[in-house]
Amino acid sequence: MSGWGLGWFGGGAAKKKDAPKNAILGLRSTLEMLTKREKHLQNQMEEQDAIARKYVSTNKTAAKAALRRKKQYEHALEQTSAQMMTVEREISSIETANINKETLDAMKNASAAMKHIHGGLTIDKVDQTMEELHDQHAIGEEIAEALTQGAMANGVDEDELDEEFAELQQEELDNKMLKTGTVPVSDQVHRLPAVAHGEIRTRVEEEDEEEELRKLQAEMAM
């Protein structure tokens, strides 16, 4: 008895699940039968039309009887075409409804999965976790600073740093002068040899003497 009950409920669930599929299969089978009937009726109409044409001049009764049968087949063909349209519309409706159901079921499953994932999560828990991470990062930075503080403070001479920095500046300036081909004025003055200074001074004195001589000659000419 219990086995019969389980089989009944299980079978009912399976039938419900397969109902759309079975309905579509049945409708497609009906559509196939109607398609064959449509083709048969078209052939019958063509045959009766041929008979009517054959006897149109020789046997009026036979020709009219053929036309009458043709009209009957034509009416049956119209009904068959309408039935085919109805079946095709139902197939499309069931397929669309089944797709909608499958989509809805998938969305329900997705919603249930999201609820399961977020079941143990709250905004407060997230905020608490982020705050704890921030605290741990701060502790790590303090530990790193404490470990490196002693090493950074030992053996550092500010005078040596200033001297090294000045050398780097001078080296950078020399490199720029070599690239541009120019030398600072101060460097030119300091680099002139002592003989050059004497030559410049002698040249200036000679120019002054020549100027005084020209002035004297001018006065004598007057």
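These figures come from a predicted structure and were not determined experimentally.

Student: Which residues make up the overall build of the chain, and what are the values?
Tutor: Of the regular secondary structure elements, the chain holds six helices and zero strands. Reading the chain from its N end, one meets helices and strands in the order α-α-α-α-α-α. Of all 222 residues assigned to the chain, the portion counted as buried reaches 9%. A fraction of 72% describes how many contacts in the chain between residues 6 or more apart in sequence connect residues 24 or more apart. In the form shown here, the chain has an accessible surface area of approximately 19,000 Å², with 57% of it arising from carbon and sulfur atoms.

Student: An account of a nonpolar patch on the surface is needed here, citing residue identities and associated values.
Tutor: A grouping of Val126, Met130 and Leu133 is seen on the molecular surface, where their side chains present a nonpolar patch of about 270 Å² in accessible area. Mapped onto the elements, Leu133 comes out in helix α3 (residues 123–153). Residue Leu133 is classed as partly exposed on the basis of its relative accessible area, which comes to 42%.

Student: Lay out the confidence of the model for the chain in plain terms, naming residues and giving numbers.
Tutor: The predicted model of the chain averages 81 in pLDDT, with 75% of residues at 70 or higher. The lowest-confidence element of the chain is helix α5 (residues 185–191), averaging 50 in pLDDT; the highest-confidence one is helix α2 (residues 60–118), averaging 93. Between residues 1–9, whose pLDDT stays under 50, and residues either more than four places distant or in other chains, the model counts zero contacts.

Cut-offs applied
Residues numbered from 1 in each chain as written. Predicted model: local features only at pLDDT ≥ 70, side-chain atom pairs only at ≥ 80, totals over all residues. Heavy atoms only, no water. Helix = DSSP H or I, 4+ residues; strand = E, 2+ residues; numbered from the N terminus. Buried < 20%, exposed > 50% of the residue type's maximum accessible area, 1.4 Å probe, protein only. Contact = heavy atoms within 4.5 Å. Areas by Shrake-Rupley, 256 points an atom, 1.4 Å probe, with all protein chains shown as cover. Patch = residues over 30% accessible without salt bridge, like charges linked within 9 Å, V, L, I, M, F, W, Y side chains within 5 Å. Salt bridge = Lys/Arg side-chain N within 4 Å of Asp/Glu carboxyl O. pLDDT = per-residue confidence, 0-100.

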